[in-house]
Amino acid sequence: MNDTARERILGRLRKAVGQERTLPAVPPPPETPPLSRDDKIERLNTLMTAMRSEVHLVPRDAWVEKLKAILQEKGLTQMIYAPGTPIGDAVAAAWSEGEGGLPALRPYEQAVESFKEELFAIDAGITGTAGAVAETGALILWPDETEPRLISLVPAVHIAVLDADRIYDTLDEAVEKGGWAEGMPTNALLVSGPSKTADIELVLAFGVHGPKALVVLVLT
Amino acid sequence: MRQYPPKPEKAYFFGTCLVDMAYPKAGMAAIRLMQREGVRVIFPPEQSCCGQPAYNSGFPAEARQVAEKQMEIFDKPYPIVVPSGSCAGMMRHHYPKIFGNSPLRARAEAFSERVFEWSEFLVHVLDIQLEDRGAPMTVTWHSSCHAAREMGVIGDSKALIRKLKNVTLVELENEHQCCGFGGTFSVKQPEISEAMVEDKIEDIQQTGAAALLGGDCGCLMNITGAMAHRRIPITGHHLAEFIWERIHGD
Amino acid sequence: METKDTKRVEKPFDFKANVIKALGNRQLRSNLKFAMGSMTAKRKALFSDTAAFEALRARGNAIRRRALLQLPELLEQLERKCTENGITVHWAETTDAANEIVLGILRDHGATRVVKGKSMVSEEMHLNRFLGDHGIESLETDLGEFIIQLDGETPSHIIVPAIHKNKQEIARTFHEKLPDTPYTEVVEELNAIARKTLRKKFYEGEVGLSGVNMAVAETGTLCLVENEGNGRMCTTVPPVHIAVMGIEKVVEKLSDVPPLLRLLTGSATGQLVTTYVNMITSPRKPGEKDGPREVHLILLDNGRSTILPDEKLRQTLQCIRCGTCLNHCPVYTRIGGHAYGFVYPGPIGKILTPQMEGLDRTSAIPTASTLCNACEEVCPVQIPIPDLIRRLRNESYDPDGSVCGHGVKRNLAETAVWKAWALVNRHRALNAVGTRMAGIFGPMLPRIGPLAEWTRSRNRPEFARKSLHDMAREEGISDE
């Protein structure tokens, strides 16, 4: 029956558009001068900060220390990370049990079904990023078998680490230069801040169903 | 941006049906102001309506018949000046569309090129200068939706008002908001229309203006009719009539 | 938690009664006036560069037109790509068929708890009611949708569904409908209540259901935009994800997504980008640790294929459901969404509803427009909504029309009136008599028909004794 529905719908559509069709050309995106690395960092920082993200520019070799300082200030209890990723491994290597005020590290090692309850009790998660978009101020997340999807969604605080050399000017550029069309992951994401809503009287409020806080460490 | 011709020797005047029936003095004032600038104004007596009432009500065939008649009447290559943004919009933007792919389309396109809203014509073609002889007063301006969005002449109308040195123009807060006239809308959906004109009146009252000026008689009839119904002492005037009186010291 | 079902007894659609009821609600009017003013201002600030906006929407228009012209091929490509990626594709001609497909998937998994992201297509399907009738809890998780579901209502706006309510009304609803919930008008606290209530539901949800903002044929990717994170929850936490999508929402390429996204989020809420743009291309792959193990895509026609043949009306299907035409509509901002009586309100509803539901039931809806062009001016994909409203008005009278229910008003006296009008306006002598009669008899006309409607809130028009024609002749204005 479903096949019949398919054939009937497609039949109507084919008849509707006919054989002779003149397709309009899509005008190219406007030519804009490329932004410098510093301009891209600044634009991303400004836009994401405006959306309540906590953006920190840190030297490449000092980010773990900065992370520790941020976490100590926030007083979180557990942080989930992805073993096998550069970010996850760096964090795991730098953690020592009982270090003053740091959350306990929890590796995301098994399928979610076996530890869903624990996952929903964890209050921080750390992930890498596949870059960012300066134009609109958004991180690109590209979860895979080593870095699961829920780290950036379920915990109340999401910490994302971004390589400043991987900021694209626009999403158009990211799609093109990143070769997205050749292979999309299970779930690619743009994230521009902590979750928010304006559904009640258009009052903007942060922290609805996704993370209440987004911390971005930009490695310069 | 529209390219404007130099000042012509002759120009047609399309009076519009509403000006003809209810605001003839505004029509005469508009004609006289053009004559004052040295243009020989031609008023073909066979003219009637642009066709918009039928067109907007779902009767394009009837609109087409009336439009074709106007195209026959205004057949010489003079500019056609219209004291209404809405009727001008109909003739300039919709005439070509209503003839589809019929042989009349090319003619409609050529016709539409000659159509000008009155204040647009005065500002861009006649480059008119005005000497205000009236007492100081404050006014506000209501633009019809089609003057603003189809003809894009809201700035021209306000430029004319600003040429009157004793007149202070206070703009409406929601200048681009429809007054609720909408032709047959006002009688098919009178409740919504009333809600819209009430908000418009509130906006007008907040300007503190003694008079409301407009360039479209449909809107004026709606707003002034509703203000009078509520005994609000703000008067409504077509811009042409207002200017004519100001430069004669009335 | 107690949720009411949407109204079960469906009264015949009476637009006028709805309008009068809506206009009588002062609270509604003030809520709408504030909200629409705020949303239009935010959009205006974002698209302040007019030339850039015009260039962007020209791209959006071309992308959507190209997609519609290739709709059958793109849907087949989408189906092929999705299937290769492991997504199961279903086709539904009607909303009933789509509901049955959803139910079938739920039964295959013995599921009784569905968590839902915001989806206008699921509103077309009246899915919550249907699932409720089959003993399945279908819970809205978008905050606005959650609020109206608690009150047994339907969305009044396609982007901000509870925009007709103020915080006091929402506070009362939460207090009365959610267990152990104290009354609070603090927006942050109301949000926290929703977060706490729904978090458990995401955790327990057996199936997640979502809409689709656009689907990419080239890669088989489903794009969803949102701010709250509930959409990601629904599409990531439960073991099964069902996406429902109108067949017109497909685009050719991934490179079509960035410009459409800018137009969508900018037009809808004045945002450069939403908090989340969620691009789903497959179910959980071997080795991946989370995400649904099954993803189903339901392609719903529900009348769309009958809109496609007509070159003009086809433009209706370009719509990307940003809702900005509602925000800018002087009629919507006075009466709100519920008065329109069907799923899609405002300008887009005025052209979409009659084509989906038939003019025989809905011919009043296209009359509710002043043709002010505000919608056309802001539409991110350049749909000529006023022209299409005129077309549907014409279809209401035209016995040879093409839209379902065309000609429903053909026998009204109005048809004769306009024929006479055309005659009078082509013959000067008749026209002169008419104008003179208006001048003489206008003040004496009884207040019936249109004049009665006009004079409800306005003084009667004053017709001049002497027409402009008379004056021009007397003053010697040249007639060549």
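Rules and cut-offs
- Residues numbered from 1 in each chain as written.
- Chains lettered and ligands numbered in written order.
- Predicted model: local features only at pLDDT ≥ 70, side-chain atom pairs only at ≥ 80, totals over all residues.
- Heavy atoms only, no water.
- Helix = DSSP H or I, 4+ residues; strand = E, 2+ residues; numbered from the N terminus.
- Rg over C-alpha atoms; globule rule 2.2 N^0.38 Å.
- Buried < 20%, exposed > 50% of the residue type's maximum accessible area, 1.4 Å probe, protein only.
- Contact = heavy atoms within 4.5 Å.
- Areas by Shrake-Rupley, 256 points an atom, 1.4 Å probe, with all protein chains shown as cover.
- Lys, Arg positive; Asp, Glu negative; His and termini not counted.
- Charge placed at Lys NZ, Arg CZ, Asp CG, Glu CD.
- Domains from an automatic or database assignment.
- Buried area = accessible area lost by both parts, 1.4 Å probe.
- Salt bridge = Lys/Arg side-chain N within 4 Å of Asp/Glu carboxyl O.
- Nonpolar A, V, L, I, M, F, W, Y, C, P; charged D, E, K, R; others polar.
- Pairing = 2+ DSSP bridges.
- Core = buried A, V, L, I, M, F, W, Y, C linked by side-chain atoms within 4.5 Å.
- Right-handed = clockwise from strand over helix to strand, strands pointing away.
- Polar contact = N/O pair within 3.5 Å; in protein donor to acceptor, adjacent residues only side chain to side chain.
- Expected span 1.5 Å × (residues − 1).
- Arc of directions from axis to C-beta.

**Student:** I'd like a rundown of the overall build of chain B, residues and numbers included.
**Tutor:** Across its full length, chain B carries 13 helices and 8 strands. Computed over C-alpha atoms, the radius of gyration of chain B comes to 18 Å, within 12% of the 18 Å expected from 2.2 N^0.38 for 250 residues, which places it in the range of a compact globule. Projected onto the principal axes, the alpha-carbon positions of chain B cover approximately 50 × 45 × 30 Å. A buried classification covers 64% of the 250 residues belonging to chain B. Here the analysis covers contacts within chain B between residues at least 6 apart in sequence; of these, 79% occur between residues at least 24 apart. In the form shown here, chain B has an accessible surface area of approximately 8,800 Å², with 49% of it arising from carbon and sulfur atoms. A distance of 5 Å separates the average location of the 26 positive side-chain charges in chain B from that of its 30 negative side-chain charges.

**Student:** Give a detailed account of the domain arrangement of chain C, specifying residues and quantitative values.
**Tutor:** Its domain assignment divides chain C into domain 1 (70–305) and domain 2 (413–474). Here the C-alpha centroids of domain 1 of chain C and domain 2 of chain C sit 54 Å apart.

**Student:** Account for the interface of chain C and chain A, naming residues and giving values.
**Tutor:** Reports of interface size often rely on the accessible area that becomes lost once the parts have come together. At the interface, 95 residues of chain C touch 77 residues of chain A. Of the roughly 7,400 Å² buried between chain C and chain A on both sides combined, carbon and sulfur atoms contribute 60%. Ranking the residues of chain C by area buried against chain A places Arg-195, Tyr-203 and Lys-289 of chain C at the top, with a combined share of 11%. Our count for the contact surface shared by chain C and chain A stands at 10 salt bridges. The salt bridge partner of Glu-76 of chain C is Arg-14 of chain A, with a shortest N-O separation of 3.2 Å. Classifying every residue of the side of chain C that touches chain A gives 45 nonpolar, 25 polar and 25 charged. Where strand 9 (residues 187–191) of chain A lies against strand 9 (residues 276–280) of chain C, 5 bridges are found, and the strand directions are antiparallel. Directly across from Asn-187 of chain A, in strand 9 of chain C, lies its bridge partner Ile-280 of chain C.

**Student:** Can you lay out the nonpolar core for me, pointing to particular residues and giving the numbers?
**Tutor:** In terms of nonpolar packing, the biggest core is built from 79 residues, with Trp-180 and Leu-190 of chain A, Ile-192 of chain B together with Val-331 and Ile-335 of chain C touching the most fellow members. Here this core takes 6 residues from helix 12 (residues 257–269) of chain C, the largest share from any one element. Those residues in contact with Trp-180 of chain A that lie beyond four places of it in its chain are Ile-140, Trp-142, Leu-171, Ala-174 and Val-175 of chain A together with Leu-254 and Met-279 of chain C. Of all hydrophobic cores here, the second largest spans 62 residues; its members include Tyr-23, Leu-33 and Cys-219 of chain B together with Ala-472 of chain C.

**Student:** Got a sec to walk through the pairing of strand 7 (residues 211–214) of chain B? Specific residues and values, please.
**Tutor:** Residue and element names in this part refer to chain B. Where burial is concerned, the two faces of strand 7 agree: the one with Ala-211 and Leu-213 and the one with Leu-212 and Gly-214 are both buried. Taken together, the 4 bridges between strand 5 (residues 137–142) and strand 7 define a ladder with parallel strand orientation. Note that in strand 7 the partner of His-142 across the bridge is Gly-214. Pairing analysis gives 4 bridges linking strand 7 to strand 8 (residues 235–238), with the strands arranged parallel. Counted as the bridge partner of Leu-212 is Gly-236 from strand 8. Handedness of the β-α-β unit built from strand 7, helix 12 (residues 217–229) and strand 8 comes out right-handed.

**Student:** Please set out the interface of chain C and chain B residue by residue, giving values where relevant.
**Tutor:** Counting residues at the interface gives 61 residues for chain C and 74 residues for chain B. Of all residues in chain C, Trp-418, Leu-468 and Glu-480 of chain C bury the most surface against chain B, accounting for 12% of the area lost on that side. Remark: the boundary between chain C and chain B carries 12 salt bridges. Where chain C packs against chain B, one counts 36 residue pairs in polar contact (both at pLDDT 80 or more). The dominant element in the side of chain C that touches chain B, judged by the number of residues it contributes, is helix 20 (residues 413–424) of chain C, at 6 residues.

**Student:** Lay out the domain arrangement of chain B in plain terms, naming residues and giving numbers.
**Tutor:** Residue and element names in this part refer to chain B. Considered domain by domain, chain B is made up of domain 1 (10–125) and domain 2 (137–247). Each of domain 1 and domain 2 has a C-alpha centre, and the two are 22 Å apart. Viewed at the interface, domain 2 and domain 1 are joined by 0 salt bridges. Joining domain 1 to domain 2, the criterion identifies 11 residue pairs in polar contact (both at pLDDT 80 or more). Elements with a minimum of two residues in the side of domain 1 that touches domain 2: helix 1 (17–22), helix 2 (24–36), helix 3 (52–57), helix 5 (85–98) and helix 7 (118–125). For the side of domain 1 that touches domain 2, the element with the most residues is helix 5, which contributes 8 residues. Its residues placed into classes, the side of domain 1 that touches domain 2 shows 14 nonpolar, 10 polar and 6 charged.

**Student:** So what about helix 20 of chain C? Which residues, and what values?
**Tutor:** For the α-helix, the turn length of 3.6 residues means that residues three or four positions removed from each other point alike. With 12 residues, helix 20 of chain C extends 17 Å from end C-alpha to end C-alpha; this agrees with the ideal 16 Å at 1.5 Å per step. Among the residues of helix 20 of chain C, those classed as buried are Glu-414, Thr-415, Trp-418, Trp-421 and Ala-422 of chain C. All buried residues of helix 20 of chain C project into a common sector of 120° when viewed along the axis, lining one side. Exposed residues pointing more than 90 degrees away from the buried face of helix 20 of chain C are listed as Ala-413, Ala-416, Val-417 and Lys-419 of chain C. Check the buried side of helix 20 of chain C and you find it contacts helix 3, helix 4 (60–73) and helix 10 (185–188) of chain B together with helix 19 (385–397) of chain C.

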